[in-house]
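Architecture and fold: a report
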Amino acid sequence: MNKYHLYILTLSLTFIGLGIFAYKTVFLKFPIMPQARSNIWDIEVRISFIAHDTPVKVSLFIPKSTTQYSIIDENFISRGYGLITKKTGGNRRIIWSARKIKGDQILYYRGVVRQISEEEPSSTVKRPEIKKPVFEGPYLIAVESLITKIWNSSADLETMVAELIKQISTPQDDSNISLLLGKQATLLKKMEVAAKVLLYAGIPAKVVHGIRLQEFQRDIQFVHWLQVFEKDTWQSYDPETGEQDIPHDYLLWWQGNYPLVHLKGGGKLQTIISVRLRKEETHTITGQHKQSNNSPFIKYSLFTLPIETQAVYNVLLMVPLGTFVLVILRNIVGFKTFGTFMPVLIALAFRETRLLWGIVLFCIVVGLGLSIRFYLEHLKLLLVPRLASVLIVVILLMCGLSILTHQIGMERGLSVALFPMVIITMTIERMSILWEERGAAEALQQGLGSLTAATIAYLVMNIKYLQYLIFVFPELTLILLAGTVLMGRYYGYRISELSRFKALAKGKP
Amino acid sequence: MIVRKLSNIGVLGINRRNALYTLQYNPRKLYPLVDDKLLTKQLALKAGIAVPKLYGMAEIQRQIKDLNSLLKPYKDFVVKPAHGHGGVGIMVIKEQTRNMYRQVNDLLITHEELKHHFSNILTGMYSIGGSPDKALIEYRVQFDPVFNGISYLGVPDIRIIVFLGIPVMSMVRLPTRLSEGKANLHQGAIGVGIDISKGTTLTGVQGNDIIYEHPDTGNPVSGVLIPGWEDLLKTSARCYELTGLGYQGVDIVLDKDLGPLILEINARPGLNIQIANRAGLMPRMDLIENHYKKLTNVDERVAFARNNFGA
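Residues numbered from 1 in each chain as written. Chains lettered and ligands numbered in written order. Predicted model: local features only at pLDDT ≥ 70, side-chain atom pairs only at ≥ 80, totals over all residues.

**A few points about the overall build of chain B**
In terms of helices and strands, chain B carries 10 helices and 13 strands. Per-residue burial over chain B gives 48% buried out of 311 residues. Within chain B, contacts between residues at least 6 apart in sequence are counted, and of these 62% link residues at least 24 apart. (Helix = DSSP H or I, 4+ residues; strand = E, 2+ residues; numbered from the N terminus. Buried ≥ 20, exposed ≤ 12 C-beta atoms within 10 Å, placed from the backbone. Contact = placed C-beta atoms within 7 Å.)

The following block contains the structure:
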């Protein structure tokens with residue numbers, strides 16, 4: 001009732017929120033910008049071939065955790081195949097097998113790789129046994145002269161390998177090297193020759209294969225580089241420059257002179273590898289804050305909770321932001337939506353499905369649900385059983401959509417399961433009643449309003465920086481609360497009312 | 001720009017209506033009185049205000065079985081949910097044949113379909129929040145021919161907004177072909193403003209646009225004198241004592257034999273009445289807030305309205 005009461009309340013809320021925020025940033029030195037960021041890649045290998053109605057065996061090398069990257073999750077998609085994983089010769093391999101199978105076959109390997117932020121020291125290995133390669137005739141002479149050459153122009157093993165890679169990268173200068181490489185000197189061939197030369201000189205060396213982890217790439221080509229045993233560990237050498245240490249985005253996949261995929265019992269083998277980066281914020285307060293650990297703001301902060309609970313609050317704390325947006329949309333803009341907070345819940349589901357897929361899946365589920373609902377109308381069911389039937393149908397629809405999209409290979413479709421199905425059911429019911437009472441136009445308008453509100457709420461809730469800010473400084477929610485309370489006293493026109501009453505603004509003729 | 005024009009006219013928006021009028025003058029505990037049409041009817045009868053006669057009602061699914069015998073004595077009737085809002089779930093039957101019912105739009109429905117409609121009402125399909133409801137069967141109003149030229153099927157009704165017992169603004173809601181005989185604006189009916197002091201119609205509103213002729217009959221909507229206007233205003237003003245709601249919309253229908261009958265009372269009346277009247281509610285509300293304490297009885301309140309709220 002009292003205007004001052006309201007202003008004092010909102011002012012003190014804002015003041016408390018800003019005060020804690022300022023204290024945490026200035027005195028406790030909480031970072032205002034997110035710092036640690038660990039990169040995560042999804043790797044997918046898609047193998048397709050035609051089976052000849054005979055026993056089929058497909059073997060595929062898969063990456064293993066290294067000092068720079070760790071495989072945090074992987075799965076295999078192969079209907080009707082037996083599956084075993086094997087560790088051989090420092091490689092990991094999976095073998096799919098089937099007794100009798102025919103027609104087009106598609107197998108998937110999916111792995112999730114996380115970059116390790118602080119590189120662990122590499123473990124020591126025993127010096128491997130060397131199997132000296134055999135060269136004959138002109139090849140022998142070529143190898144020996146090459147070894148002499150690089151030996152003379154280097155000081156230690158590191159510079160020697162660098163020199164070798166340099167020599168081999170420019171074969172046109174030296175007829176010996178051209179001879180060793182043959183006509184088609186691919187990177188793989190070059191590395192293989194380099195490894196052989198080193199082995200012949202008594203230095204343990206091997207060729208390893210891997211990919212470059214990029215933002216997003218389909219049909220990735222493999223890169224190959226040399227690993228040389230030095231002191232008590234394997235050292236990688238950059239295949240381009242010959243320097244020790246390879247670029248950070250190289251992911252080691254497998255080693256040795258084998259192809260990635262080996263197929264028995266089929267033909268027309270095709271392998272496509274794709275990579276997609278997803279950035280994940282890790283909200284950590286480390287380093288300089290540890291000294292002020294006795295501050296209650298650190299002792300009683302969200303960071304002390306278990307990681308899984310932190311993840312829950314990371315999401316929950318975005319809900320106030322979503323509702324704040326919704327209040328603006330409804331009370332100031334004048335959006336019409338189904339249910340007060342339904343758009344926020346849909347927006348939460350969009351977090352998993354991503355926007356485009358979310359909208360598509362939402363439209364499909366609601367559209368199909370509506371048609372079922374109209375069919376049920378004919379059966380003249382009572383309200384509660386009818387709602388329950390729609391709910392059952394909605395869940396079945398979601399199952400069906402997940403299976404269907406999964407079969408087609410559209411992974412995003414799986415996330416339809418995250419839609420709040422009860423909310424969707426109520427939306428369908430209200431939409432169908434509105435449809436009958438006020439016509440399709442009004443129902444679609446409100447449906448569209450809800451979807452647009454959900455999209456806007458999602459876009460705001462998905463701003464990474466805001467997520468960081470609200471998680472690290474939950475007190476900022478108090479400012480949101482103050483804003484929401486203030487909007488509760490916004491008595492002015494809604495933007496939609498301006499067009500509603502525009503006939504009045506023209507005045508009397 | 002447009003905001004300034006609207007606020008100069010004193011157009012009331014939803015936010016302001018909710019905050020300053022419904023939240024402030026309509027205590028939540030009074031809502032059940034108007035949300036339940038049966039309760040409203042009983043209150044009105046007690047206060048001596050005329051309402052359409054209640055023929056009967058169904059409260060539990062079992063009663064639907066005996067619907068036949070319940071409906072038999074009546075040639076025509078109206079079925080409505082007690083907790084319906086915005087005119088939904090209302091079915092107007094103008095004639096009974098042997099086993100069919102003829103609706104006002106000449107559509108025939110079977111006994112089974114009528115039963116299903118009843119059971120839909122009982123399960124709460126049309127009630128706010130979907131809670132179980134009662135189905136009322138009541139007298140079908142034989143409406144006064146005054147609006148014949150500017151009405152299509154259905155029953156035109158008169159909405160009077162009453163603020164603190166004083167009629168503020170009024171319009172007549174005329175069914176159209178689009179609204180299928182229903183008198184609710186969002187269903188396509190048109191609203192025509194009424195000059196409170198004279199009781200004559202002004203221009204109309206369909207959707208959000210100002211109109212001058214009825215879309216189906218083509219007759220001009222303005223200049224129709226409503227018979228017994230003083231009585232209508234008094235009836236509406238008395239609803240303040242009836243419900244205690246400070247801000248309400250009273251829906252009255254003119255029966256050619258029985259005169260004005262109260263159909264229902266709305267605790268959150270819509271705002272499009274301002275377009276029909278081409279006037280904002282705010283100046284009138286402010287005037288009432290300044291003077292209502294001096295007005296002691298219904299006659300004074302109606303006189304105040306007629307003196308101040310002419311077009």
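There's plenty left to go through after this.
**Some details on the overall build of chain A**
On a plain count of helices and strands, chain A comes out with 16 helices and 11 strands. Put simply, chain A has 509 residues, and 27% of those count as buried. Put simply, of all contacts in chain A between residues at least 6 apart along the chain, 74% involve residues at least 24 apart.

**A look at the sheet that holds strand S7 (residues 157-163) of chain B**
Residues and elements named next belong to chain B. Reading across the sheet, the 7 strands line up as S11-S10-S9-S8-S7-S12-S13 and stay open at both edges, with antiparallel pairing between neighbours. The open sheet is flanked by strand S11 (209-211) and strand S13 (259-266), the only strands paired with a single partner. Adjacent strand axes in the sheet meet at a mean angle of 30°, parallel and antiparallel pairs treated alike. Pairing between strand S12 (residues 247-255) and S13: 7 bridges, direction antiparallel. Bridging across to S13, Leu254 finds its partner in Pro260. Relative to the sheet, helix H9 (residues 282-291) contacts S7 and strand S8 (166-174), its axis offset from that of S8 by approximately 145°. (Pairing = 2+ DSSP bridges. Axes fitted to C-alpha atoms, helices over the stretch in contact; angles between N-to-C directions.)

**Topic: the environment of Ala82 of chain B**
Residues and elements named next belong to chain B. If you trace the backbone, Ala82 turns up in the loop between strand S2 (77-81) and strand S3 (91-96). Along the primary structure Ala82 and Leu136 are separated by 54 residues, whereas in three dimensions their C-alpha atoms are 6.3 Å apart. In this structure, Ala82 is in contact with Asp36, Lys37, Leu38, Asp133, Lys134 and Leu136, ignoring residues within four places of it in sequence.

**As for the nonpolar core**
One finds Val162, Phe163, Ile166, Val168, Val192, Ile252 and Ile262 of chain B to be the most contacted residues of the largest nonpolar core, which totals 68 residues. At 7 residues, helix H7 (residues 229-243) of chain B tops the list of elements feeding residues into this core. The residues contacting Val162 of chain B, other than those within four sequence positions of it, are Pro167, Val168, Ser236, Ala237, Cys239, Tyr240, Gln248 and Val250 of chain B. Counting 50 residues, the second-largest nonpolar core is a separate cluster that includes Phe49, Tyr109, Val208 and Trp225 of chain A. (Core = buried A, V, L, I, M, F, W, Y, C linked by C-beta atoms within 7 Å.)

**Observations concerning the confidence of the model for chain A**
Per-residue confidence for chain A gives a mean pLDDT of 81, with 90% of residues at or over 70. Taken together, the stretch residues 285-292 of chain A has pLDDT below 50 and engages in 9 contacts with residues farther than four places along the chain or on a different chain. (pLDDT = per-residue confidence, 0-100.)

**So, the interface of chain A and chain B**
Taken together, the contact pairs 20 residues of chain A with 27 residues of chain B. At the level of secondary structure, the elements contributing two or more residues to the side of chain A that touches chain B comprise helix H12 (421-461), helix H15 (495-500) and helix H16 (502-505) of chain A. Looking at the side of chain A that touches chain B element by element, the count peaks at 4 residues for H16 of chain A.

**Details of helix H1 (residues 3-26) of chain A**
An α-helix turns once every 3.6 residues. As a result, residues three or four positions apart point the same way. Counted at 1.5 Å a residue, the expected span for H1 of chain A with its 24 residues is 34 Å, and the 34 Å between its end C-alpha atoms agrees. Buried within H1 of chain A we find Thr10, Leu13, Gly17, Phe21 and Lys24 of chain A. (Expected span 1.5 Å × (residues − 1).)

**Here's the deal with the pairing of S7 of chain B**
Residues and elements named next belong to chain B. When you tally the buried positions in S7, you get 7 out of 7 residues, the bulk of the element. Burial along S7 is two-sided: the face carrying Asp157, Arg159, Ile161 and Phe163 and the face carrying Ile158, Ile160 and Val162 are both buried. Direction of pairing for S7 relative to S8: antiparallel, over a ladder of 7 bridges. Counterpart to Asp157 in the pairing with S8 is Arg173. Relative to S12, S7 is paired through 6 bridges, and the arrangement is antiparallel. Bridge pairing in S12 places Arg159 opposite Asp251.

**Observations regarding the confidence of the model for chain B**
Averaged over chain B, the pLDDT score is 88; the fraction of residues at 70 or greater is 99%. Both scores are available for the predicted complex, with the pTM at 0.66 and the ipTM at 0.79.

**Focus on the sheet that holds strand S8 (residues 233-237) of chain A**
All names here are of chain A. Pairing in this open sheet of 4 strands is antiparallel, and the strands run S8-S7-S5-S9 from one edge to the other. Unpaired on one side and paired on the other, S8 and strand S9 (250-255) mark the two borders of the sheet. Between one strand axis and the next, the sheet turns through 40° on average, direction left out of account. As paired strands, strand S5 (residues 205-212) and S9 are joined by 5 bridges and run antiparallel to one another. Its bridge partner being in S9, Ile211 is matched across the sheet by Leu251. Contacts from helix H3 (residues 157-169) reach strand S7 (223-230) and S8, with the element oriented near 155° to S7. Where helix H5 (residues 187-200) meets the sheet, it contacts S5 and S7, and its direction lies at approximately 15° from that of S7.

**Some words on the pairing of strand S10 (residues 201-206) of chain B**
In the case of a regular strand, side chains alternate between the two sheet surfaces. Residue and element names in this part refer to chain B. The buried count for S10 comes to 6 of 6 residues, which makes it a mostly enclosed element. With 3 bridges connecting them, strand S9 (residues 190-194) and S10 associate as antiparallel partners. Bridged to Ile194 within S10 is Thr201. Hairpin connection from S9 to S10: 6 residues lie between these consecutive antiparallel strands, with Gly199 at a positive phi of about 80°. As judged from the 3 bridges shared by S10 and S11, these two strands associate in the antiparallel manner. Residue Gln206 lies in a different strand from S11, and its bridge partner there is Asp209. Where S10 folds back on S11, the antiparallel hairpin that results is connected by 2 residues, among which Gly207 adopts a positive phi of roughly 65°.

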